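# Examining the three-dimensional arrangement
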Amino acid sequence: MGNIFGRKRRTRVTEQDRAVLQLKQQRDKLKQYQKRISLQLEKERNLAKQLLKDGKKEKALLLLKKKRYQDQLLDKTENQISNLERMCQDIEFAQIEMKVIEGLKVGNDCLKSLHEAMSIEDVERIMEETQEAIQYQRELDEMLAGSLTQEDDDAVLAELEALTQVSLNDIIFISERQRKKQKEMLAA
């Protein structure tokens, strides 16, 4: 049981994740500050109007100067918020780029291992063998398709005639032997 509490847990939160979180927290604080300043500006504006109505022009002028200063602070705050958001986006995009580069590296390593398994000589040998097999098949197709020369056709016809004569002689010889056997059987 002590082992459960004793070992450190590995966290999947990276330094970049922590940096992005801090930037976003700072952005949120600046937005809250912006809201607070905006509300304060509105109150001071209304107060300056009231002071003008009451005839206290000096105090109203002082409040408007303060308001102007706070407007400038508000503009600076807006620029800071924009910078923080841009930085968050840059970090997140850099993380995406790193993952893409890691993926490319893995793919490149895989391609290298595949290329090592099959050399250019092996591919050339296989292509030559394939070409030879295709050429041999074409020759067979041409022979079977009747692209024989006239001499070849004459030789094939002569061989067919010879086989036909042999077959006819065999048939005549076999049928004479069968007749003799039938006669012998009938006589017996």
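Reading the values: the criteria
- Residues numbered from 1 in each chain as written.
- Predicted model: local features only at pLDDT ≥ 70, side-chain atom pairs only at ≥ 80, totals over all residues.
- Heavy atoms only, no water.
- Helix = DSSP H or I, 4+ residues; strand = E, 2+ residues; numbered from the N terminus.
- Buried < 20%, exposed > 50% of the residue type's maximum accessible area, 1.4 Å probe, protein only.
- Contact = heavy atoms within 4.5 Å.
- Salt bridge = Lys/Arg side-chain N within 4 Å of Asp/Glu carboxyl O.
- UniProt positions renumbered as here; feature names shortened; annotations may be inferred.
- Expected span 1.5 Å × (residues − 1).
- Core = buried A, V, L, I, M, F, W, Y, C linked by side-chain atoms within 4.5 Å.
- Axes fitted to C-alpha atoms, helices over the stretch in contact; angles between N-to-C directions.
- Parallel < 35°, antiparallel > 145°, perpendicular 65-115°, else oblique.
- Left-handed = near helix turned anticlockwise from the far one by under 90°.
- Nonpolar A, V, L, I, M, F, W, Y, C, P; charged D, E, K, R; others polar.
- Patch = residues over 30% accessible without salt bridge, like charges linked within 9 Å, V, L, I, M, F, W, Y side chains within 5 Å.
- Areas by Shrake-Rupley, 256 points an atom, 1.4 Å probe, with all protein chains shown as cover.
- Lys, Arg positive; Asp, Glu negative; His and termini not counted.
- Charge placed at Lys NZ, Arg CZ, Asp CG, Glu CD.

### A look at the overall build of the chain
Across its full length, the chain carries five helices and zero strands. Counted from the first residue to the last, the chain has its helices and strands arranged as α-α-α-α-α. Within the chain, the fraction of its 188 residues that count as buried is 10%. Contacts in the chain between residues far apart in sequence, at least 24 positions, make up 75% of those at least 6 positions apart.

### A word on the pattern of salt bridges
Proximity of charged atoms lets side chains of opposite charge pair with each other. All told, the structure shown has eight salt bridges when counted by the stated rule. Residues Lys 66 and Glu 44 are paired through a salt bridge, measuring 3.1 Å at the closest nitrogen-oxygen approach. Within this pair, whereas Lys 66 is found in helix α3 (residues 57-117), its partner Glu 44 is found in helix α2 (residues 15-53), the two being separated by 22 residues in sequence. For Arg 125, the salt bridge is made with Glu 129, and the minimal N-O distance between the two is 3.3 Å. Taken as a pair, Arg 125 and Glu 129 lie in helix α4 (residues 120-144) at a separation of four residues, close to a single helical turn. The structure contains a network of salt bridges with shared partners spanning Asp 122, Arg 125 and Glu 129.

### Things to note about the UniProt feature "coiled-coil region" (unreviewed entry) in the chain
Within this numbering scheme, the UniProt entry marks residues 16-43 as carrying the feature "coiled-coil region" (unreviewed entry). In the segment residues 16-43, helix accounts for 100% and strand for 0%; the C-alpha atoms at its two ends are 41 Å apart.

### Digging into α3
Taking 1.5 Å of rise per residue, 61 residues should cover 90 Å, and α3 covers 90 Å from first to last C-alpha, within 8% of that figure. Along its buried surface, α3 packs onto α2.

### So, the side chain of Gln 34
Along the chain, Gln 34 falls in helix α2. Take Gln 34: its relative accessible area is 16%, and that puts it in the buried class. Apart from the residues within four sequence positions on either side, Gln 34 is in contact with Leu 74, Thr 77, Glu 78 and Ile 81.

### A look at the nonpolar core
If you look at the biggest cluster of nonpolar residues, it comprises six residues: Val 20, Leu 23, Leu 30, Ile 81, Leu 84 and Cys 88. Where this core is concerned, the elements lending two or more residues are α2 and α3. Every residue in contact with Ile 81, bar those within four places of it in the chain, is listed here: Arg 27, Leu 30, Lys 31 and Gln 34.

### A few points about the packing of α2 against α3
Packing of α2 against α3 leaves a shortest axis separation of 8 Å and a crossing angle of 160°. Classified by the angle their axes make, α2 and α3 are roughly antiparallel. In the packing of α2 onto α3, the handedness of the crossing is left-handed. Residues that form the contact of α2 with α3 fall into these classes: 21 nonpolar, nine polar and 14 charged.

### Things to note about a nonpolar patch on the surface
A cluster of nonpolar side chains, namely Phe 93, Ile 96, Val 100 and Leu 104, defines an oily patch on the protein surface of about 410 Å² accessible area. Turning to its location among the elements, Phe 93 is positioned in helix α3.

### Concerning a negative patch on the surface
Side chains of Glu 121, Glu 124, Glu 128 and Glu 132 sit close together on the surface and give a patch of like negative charge. Looking at the secondary structure, you find Glu 132 in helix α4. Exposure remark for Glu 132: the relative accessible area of 54% places this residue in the exposed category.

### Side note on α2
Residue pairs three or four apart in sequence face the same way in an α-helix, which turns once every 3.6 residues. Taking 1.5 Å per residue as the helical rise, α2 with its 39 residues ought to reach 57 Å, and the 57 Å between its terminal C-alpha atoms agrees with that figure. Buried within α2 are the following residues: Val 20, Leu 23, Arg 27, Leu 30, Gln 34, Ile 37, Leu 41, Glu 44, Ala 48 and Leu 51. On its buried face, α2 sits against α3.

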